[in-house]
Structures are given as C-alpha cells and as structure tokens.
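These are the residues of each chain, in order.
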Amino acid sequence: MTQSMEDFITDAFEQNYERIRLETGRAVTPNIKEAAREQVLLYYRRMRDVADGVTDTEVKLTLPEQRTPQQRKFTLEGVVDIVREGDRTTMYDVKTHLDADAAAGQLDQYVQQLNLYAHIWQGLRGEALDETAIIATRPTRELRQALRSGDDRVIDAAILKWRPCLNIPLDEHAVEDTVQRFGTVVDRIEERHFMPPAVEKLKAPIRPGARQPFGTAVCANCDVRFTCDSYRQFRLQTTPGMNPERVLQDAMNEYAASSEQGQWVDANMETLNRDRLPDAEDIDRGDV
Ligand code: SF4
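Residues numbered from 1 in each chain as written. Predicted model: local features only at pLDDT ≥ 70, side-chain atom pairs only at ≥ 80, totals over all residues. Heavy atoms only, no water.

Here's the deal with the nonpolar core
Item 1. Grouped together as the largest cluster of nonpolar side chains are 26 residues, with contacts concentrated most on Leu61, Val80, Met91, Trp121, Ile134 and Val179.
Item 2. Counting residues per element, the ones that place at least two in this core are strand 1 (54-67), strand 2 (73-85), strand 3 (88-99), helix 4 (100-105), helix 5 (107-124), strand 4 (131-138), strand 5 (165-168) and helix 8 (174-190).
Item 3. It is helix 5 that contributes the most residues to this core, 8 residues altogether.
Item 4. Aside from chain neighbours lying at most four places away, what touches Met91 is Leu61, Val80, Asp81, Ile82, Leu114, Tyr117, Ala118, Trp121, Leu129, Glu131, Thr132 and Ala133.
Item 5. Counting 8 residues, the second-largest nonpolar core is a separate cluster that includes Leu42, Leu143, Ile155 and Ile159. (Core = buried A, V, L, I, M, F, W, Y, C linked by side-chain atoms within 4.5 Å. Buried < 20%, exposed > 50% of the residue type's maximum accessible area, 1.4 Å probe, protein only. Helix = DSSP H or I, 4+ residues; strand = E, 2+ residues; numbered from the N terminus. Contact = heavy atoms within 4.5 Å.)

Here's what the structure looks like:
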C-alpha cells in the first residue's frame with residue numbers, strides 16, 4: 001500500500017513539475033529536482049498520519065485593508081492546511097525551504113505568523129481552532145548525512161528521529177504586533193531601504209544558546225551574500241588569516257565551483273529549445 005502510494009506521489013510529482021515547467025518556462029537542475037522529490041517522499045513517510053488526515057488543503061487566508069505605519073494600504077495573505085479530527089481542528093503551515101533545526105531557531109517569527117493566520121481563521125471566518133503547527137519539510141543535516149550513508153537501517157532510524165513538526169502556541173496578543181511588523185517591512189520595501197543588518201547580527205547566534213551564528217545559518221544560503229557588505233565583514237572578522245582579497249577570491253571560487261550554475265543553464269536551455277516556436281528554418285526543413 002505504502003509503495004503504491006509512493007509510486008503515485010512520484011508520478012504526481014513528475015506531472016506537477018512538467019506543468020510548472022511549461023507554465024513558467026523555467027526548469028531546475030536534475031539534482032535540485034531529485035532533492036525536491038526526495039523531500040516530498042520523506043515528508044509522506046514521516047508525516048503520513050497528518051498528510052492522510054488533511055481535510056482542507058491549500059486554504060487561502062486573506063486580511064485586506066491593512067495600513068503600514070506610513071499609511072500605505074496592504075493585504076496579508078497566507079496558505080495553510082487544515083486537519084479536522086472529531087471536534088478538534090489543527091492548522092498546519094508547510095515550510096519547504098526550512099529544516100526543523102533552522103525553523104526552531106526562528107520560532108518567534110512563526111509564532112507571529114501562525115497566530116495571524118489563526119486570527120483570520122477564527123475571527124474572520126468564525127471557525128474554531130485548537131492547535132497550530134509548522135512542518136519544516138527540508139531534511140535536517142543529521143537526516144541528510146544518514147541518507148548519504150545509503151544504509152537502510154541508519155536511514156530508517158534517522159527518519160524516526162526526525163521531528164519536522166513544531167507546535168506553535170496560540171497567542172491572540174501577537175496579532176497586532178505582527179501586522180505592524182509586516183507594515184514596517186512594506187514601508188521599507190516601498191522606500192527602497194534594502195540595507196543588510198549590521199555585522200554584529202551576523203556574528204550573533206541564530207537563537208539564544210545556539211552555536212551557529214546568523215552569518216553561517218542564514219547568510220550561507222543567501223544568493224546575494226557576495227555583494228553584501230555585512231557578509232564580507234563577517235567573513236573577514238570570523239575567519240583566521242582572512243583579508244579583503246581572499247574574501248573576493250573565495251567568492252569567485254565558490255561561484256565557479258558551483259556545478260549547479262552550469263546545470264541550471266543547461267536545464268533552462270533544454271526547456272527553451274524544447275518549447276521555442278518554430279522558425280523559418282524549421283518550416284523549410286519540414287520540422288513542424
Ligand atoms: S548575506 Fe544575505 S541574508 Fe546575510 S545579511 Fe547579507 S543580505 Fe542579509
């Protein structure tokens with residue numbers, strides 16, 4: 001039963017990917033696609049009870065007509081899954097870009113976000129809610145290491161230990177503050193204020209008591225890190241023997257070494273070639 005369901009999920013994943021590729025004209029590299037497929041299957045294996053129990057999927061929540069501190073109008077939107085079991089209702093927000101360790105490090109922001117969604121669900125839709133949680137589907141480092149081992153027993157043990165679901169406490173008081181914080185971000189974007197945080201924030205632990213600093217946990221995955229002054233300062237100040245030339249050289253090396261760059265270009269060239277409209281030469285050759 002599980003195997004046939006996993007086959008079904010794999011087929012649905014392929015169809016979904018093709019549809020998105022055709023709709024957007026964009027492709028991803030084979031390794032990224034494989035990582036995404038693996039993430040979907042792991043999610044099903046670990047969170048099967050929740051996945052099977054979802055009663056309302058991709059529920060869109062909207063809070064319109066909000067005002068920023070500068071009186072700009074904005075609308076807040078979110079998409080959640082709902083599980084109703086008996087008289088209990090749980091709201092889940094699936095985070096595909098995060099693993100559970102990273103999510104735990106930024107839990108405050110999800111407490112605010114989920115309480116906002118809960119406010120919309122309960123207050124505007126008038127429906128009861130008992131619990132909220134986020135599901136961080138990206139495998140943790142420990143799980144990724146187990147997967148790389150190729151040993152089924154190690155993998156099964158790591159999947160059992162994996163805790164991708166984090167409960168979020170319901171707190172109605174967080175809502176007003178959250179709307180205001182979103183509004184402040186809207187104002188900053190509209191006013192073109194895109195300054196990165198000071199280097200001190202990058203050097204500080206991502207959460208109290210954590211060993212990883214923000215600059216490693218977050219910035220290492222940021223696409224614009226090599227043009228970010230705070231990140232360059234972080235590398236300078238935290239890597240022994242570092243100097244500005246070496247920071248620049250490291251940036252070039254990392255960029256050049258990234259095999260994904262080439263694969264990404266290849267994948268999208270393939271999409272372009274496959275999807276392009278016929279030109280005069282194609283017509284002459286009778287290729288249409
Ligand atoms: S590297 Fe990216 S995430 Fe880090 S501070 Fe700079 S802009 Fe922000």
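Now, onward.
Topic: helix 8
Item 1. Compared with the 24 Å implied by 1.5 Å per residue over 17 residues, the 25 Å span of helix 8 between its first and last C-alpha is a close match.
Item 2. Every buried residue belonging to helix 8 is among Ala174, Val175, Thr178, Val179, Gly183 and Asp187, and all of these are buried.
Item 3. Here the buried face of helix 8 lies against strand 1, strand 2 and helix 5.
Item 4. Residue Arg192 follows helix 8 closely and has a positive phi angle near 60°. (Expected span 1.5 Å × (residues − 1).)

What about the pairing of strand 4?
Item 1. Most of strand 4 sits out of view: 6 of its 8 residues are buried.
Item 2. Note that strand 3 and strand 4 share 7 bridges and pair parallel. Pairing of Asp99 across the sheet is with Arg138, part of strand 4. (Pairing = 2+ DSSP bridges.)

Focus on the pairing of strand 5
Item 1. Along strand 5, the buried face is formed by Leu166 and Ile168; none of Cys165 and Asn167, which line the opposite face, is buried.
Item 2. Sheet topology places strand 4 next to strand 5; 4 bridges connect them, and they run antiparallel. If you follow Ala133 over to strand 5, its bridge partner there is Asn167.

Quick notes on the site of the ligand
Item 1. The immediate surroundings of the ligand are formed by Pro196, Pro197, Leu202, Cys219, Cys222, Val224, Arg225, Cys228 and Tyr231.
Item 2. Its residues placed into classes, the shell around the ligand shows 8 nonpolar, no polar and 1 charged. (Near = heavy atom within 4 Å. Nonpolar A, V, L, I, M, F, W, Y, C, P; charged D, E, K, R; others polar.)

A closer look at unusual backbone geometry
Item 1. Backbone geometry at Glu65 places phi at a positive 60°, although glycine is not the residue there.
Item 2. Counting through the fold element by element, Glu65 comes out in strand 1.
Item 3. Given a relative accessible area of 57%, Glu65 falls into the exposed group.
Item 4. Backbone geometry at Arg192 places phi at a positive 60°, although glycine is not the residue there.
Item 5. Within the fold, Arg192 resides in the loop between helix 8 and helix 9 (199-203).

Quick notes on the pattern of salt bridges
Item 1. Scanning all chains against the criterion turns up 16 salt bridges.
Item 2. Asp187 serves as the salt-bridge partner of Arg72, at 2.6 Å between the closest nitrogen and oxygen. Note that Arg72 is positioned in the loop between strand 1 and strand 2 and Asp187 in helix 8, a separation of 115 residues in sequence.
Item 3. Ionic pairing is found between Lys161 and Glu142, a salt bridge with its closest N-O pair at 2.6 Å. Of this pair, Lys161 sits in helix 7 (residues 152-161) while Glu142 sits in helix 6 (residues 141-149), placing them 19 residues apart in sequence.
Item 4. You can call Lys161 exposed: its relative accessible area is 55%.
Item 5. Residues joined in a network through salt bridges with shared partners are Asp56, Arg84 and Glu127. (Salt bridge = Lys/Arg side-chain N within 4 Å of Asp/Glu carboxyl O.)

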